[in-house]
Amino acid sequence: MRRPLYIVMAVVLALFLLSWYLKTGSYKGEHEHYILRGLLVTFSAFLTLAVLSFLYRDNPFYKFAEHLFVGVSAAFWMCMGFWTTIVQNLVPRLSVSLSEYFKVPPQPGDYNFFFYIPVILGVLLLMRLSPKGGWISRWPLAFIVGTTAGLNFVRYLRSDFIKQISSTFVPLLGTQWQGVGHFLSNLDLSATGELVVMFGNWVIFLGVFCGLIYFFFSKEHKGAFGIGSRVGIWVLMVTFGASFGYTVMGRISLLVGRITFLFRDWLELIN
Amino acid sequence: MGNIGIILSLVIIFGGLVALLIRSVLAREVDRRIIFLFIFIAVAAPILFPITFSEKPTPVVQALFDKVESLPAGSTVLLSFDFDPAMAPEVQPMANAISRHCLEKGHRVIFMSLWATGQALLSQSLSEYILPGFPEKVDGVDYVSLGYKAGNEGVLNVIVTNFRKMFPTDVNSVPLDSVSIFDGINSCRDLDLVVAIGGGAPGPKEWILFVGDPAGVPVGVGVAAVIAPQMYPYYPEQVVGILGGVKGAAEYEYVLKTTHKRFEDMDSPGLKMMGPQTLAHIVIMSFIIIGNVIYFRSRRKEKKQ
């Protein structure tokens, strides 16, 4: 490591130690564990700034935060997997004594031989760690993939396919159409008005129709078909634009969350 | 003081943007770190010197609000906290607002989570934001927390026919048969409304697919902005309303505050976040314009050469 880097690290650590000292001073008397809380908030602030420092360029602080995050996440999910899946879901259905040992309420009525099957499949899954017996883990994996696909297939077919097609069948004149005279005399430009509803239904109909034309490659995109295809591209562009807008909003919200943490919990600039 | 602060910040931001525009017109490159700096100032300034806007609820948000409002007191509403700390700044405000609204209307609320990380955020929401406003509400009678249950879609697949098979007890290990909220509630089919709040899998989409559609239960969703566009095709046939990102949360908070006097002084993080959101979006749009100026200038330059 180069010498300036040591100096930077020393300065950063000194600053964070100072902020910890100042924080514990401000908390004193208000919290029972003020020293620990001050340390945790300061460490959280350090990690937040370490992650954000990547925006300048890659650096050891970012790498430290990244590795810590990956390690802690892996450990967290491993613990959660054991305590929530094995201890809470499986143990109460296998043995009363094991349930008492882990202090989870047993479910005697649910005892069933079939609950040993996931135990066996789980053990087989761990065979992936063995260099020679790794192929055995493919059996439980195949079971997982097959079950998930089977479970989702029906639901997606009904809700995402059939119901979505039926939702596309919208009345192009709206549901309150009573003739041109009535329409013109009651012209309403509000979001729930007849004109806007009718316009929305036309957009859905033409948007879906032209979008499908764009993905139809068995015919050359020329003439009227080509115009439909081009409209389909525009529909897709607008859709992607809306998604992008929402994504920007989401990312900014996360940044607001982090900056609020720094200003409120760490620096105490705001309430 | 706040006004002076925000005016000063706006002058710095827009003065800087004009300077960058001039620089781009002169065909000079803009370092990406300059963009980050502008975004930081645009977000930090309204946090330090708050600016708030009034929100007009969009029909998708109003529809969910009206659904909660129209249910008779004593209806059973299930709220699922399917999110993690990374998503929390966006969706926790809407979860808190809907929970408060349900309790205010006298609905019985069942809280649960399909995400392990959601359980901690659920208990934080209950103890810090929701329950302090309702000291009269009793655990097990007016609300109950079932906590987290592993199994993803499998959990939904079971509770759509039998709650007790998947949740023999609540989060405090009290048997479900002793919890009075569950009198007459055997499965999701007996619920009056499900509100799924999240932004990943399993989450709102899975609630629609595995509970809403097969059981015929009305489902409302509050989602992170990233997946909000994916939810719109389900409205209004398969979901009763959508809160999309922090904008949806702000709209819900606004309509809640204006219609229920009890919440007039309620903490509203969604509304507070709209200040930084608005300013940051204006800065991003300005950079898109500046980027296009640079692009068209460089293209014209290439053509000339």
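Residues numbered from 1 in each chain as written. Chains lettered and ligands numbered in written order. Predicted model: local features only at pLDDT ≥ 70, side-chain atom pairs only at ≥ 80, totals over all residues. Heavy atoms only, no water.

Peer 1: Could you give an account of the pairing of strand β6 (residues 241-244) of chain B, with specific residues and numbers?
Peer 2: On any regular strand, side chains alternate: one points to one face of the sheet, the next to the other face. All names here are of chain B. The alternating pattern of β6 places G241 and L243 on one face and I242 and G244 on the opposite face, and all of these are buried. The pairing of strand β5 (residues 219-223) with β6 spans 4 bridges and is classified as parallel. Along β6, the bridge assignment pairs G222 with L243. (Buried < 20%, exposed > 50% of the residue type's maximum accessible area, 1.4 Å probe, protein only. Helix = DSSP H or I, 4+ residues; strand = E, 2+ residues; numbered from the N terminus. Pairing = 2+ DSSP bridges.)

Peer 1: Residues and numbers for the environment of F113 of chain A, please.
Peer 2: All names here are of chain A. With respect to the helices and strands, F113 occurs in the loop between α4 (96-102) and α5 (116-125). We classify F113 as exposed; its relative accessible area is 62%. Counting along the chain gives 20 residues from F113 to R93, while the straight-line C-alpha distance between them is 9.6 Å.

Peer 1: So, the packing of helix α6 (residues 138-168) of chain A against helix α8 (residues 204-215) of chain B: which residues are in play, and what are the values?
Peer 2: Running from N to C, α6 of chain A and α8 of chain B point in directions that differ by 85°, and their axes come no closer than 10 Å. Classified by the interaxial angle, the pair formed by α6 of chain A and α8 of chain B is roughly perpendicular. Counting all contacts with α6 of chain A, which are made through L151, N152, R155, Y156, S159, D160 and K163 of chain A, the residues of α8 of chain B involved are K205, E206, L209, F210, D213 and P214 of chain B. Residues belonging to the contact of α6 of chain A with α8 of chain B are distributed by class as follows: 5 nonpolar, 2 polar and 6 charged. (Axes fitted to C-alpha atoms, helices over the stretch in contact; angles between N-to-C directions. Parallel < 35°, antiparallel > 145°, perpendicular 65-115°, else oblique. Contact = heavy atoms within 4.5 Å. Nonpolar A, V, L, I, M, F, W, Y, C, P; charged D, E, K, R; others polar.)

Peer 1: Before we move on, can you summarise the packing of aromatic side chains with the specific residues and values?
Peer 2: To describe a pair of aromatic rings, you give the distance between the ring centres and the angle between the ring planes. Here the structure, examined in full by the defined rule, presents 23 aromatic pairs over all chains. Aromatic side chains Y246 of chain A and Y232 of chain B sit 6.4 Å apart centroid to centroid with 45° between the ring planes, which places their arrangement in the tilted category. Of this pair, Y246 of chain A sits in helix α9 (residues 223-266) while Y232 of chain B sits in the loop between α9 (228-231) and β6, each in a different chain. Each ring, one from Y295 of chain B and one from F296 of chain B, has its centre 5.1 Å from the other, and the planes form 70°; the classification is edge-to-face. Chaining the aromatic ring pairs together yields one cluster made of F16, F43, F46, F61, F64 and W266 of chain A. The aromatic ring of F225 of chain A is capped on one face by K219 of chain A, whose charged end is 5.6 Å from the ring centroid. Geometry around Y56 of chain A places R33 of chain B over its ring, the cationic atom sitting 4.7 Å from the centre. (Phe/Tyr/Trp six-rings, centres within 6.5 Å; stacked < 30°, edge-to-face > 60°. Lys NZ or Arg CZ within 6 Å of the ring centre and 35° of its normal.)

Peer 1: A description of the environment of P131 of chain A should follow, citing residues and the corresponding values.
Peer 2: Residues and elements named next belong to chain A. Positionally, P131 belongs in the loop between α5 and α6. The class for P131 is exposed, based on a relative accessible area of 84%. Along the backbone, P131 and P106 are 25 residues apart, and their C-alpha atoms lie at a distance of 38 Å.

Peer 1: With reference to specific residues and values, describe unusual backbone geometry.
Peer 2: Residues and elements named next belong to chain B. Between A201 and P202 the backbone carries a cis peptide bond, its omega angle lying at -5°. The amide bond that connects Y235 to the next residue, P236, takes the cis arrangement and shows omega of 0°. One non-glycine residue, S173, lies in the positive phi region at around 65°. With respect to the helices and strands, S173 occurs in the loop between α7 (163-166) and β4 (193-198). Look at S173 and you get partly exposed, because its relative accessible area is 47%.

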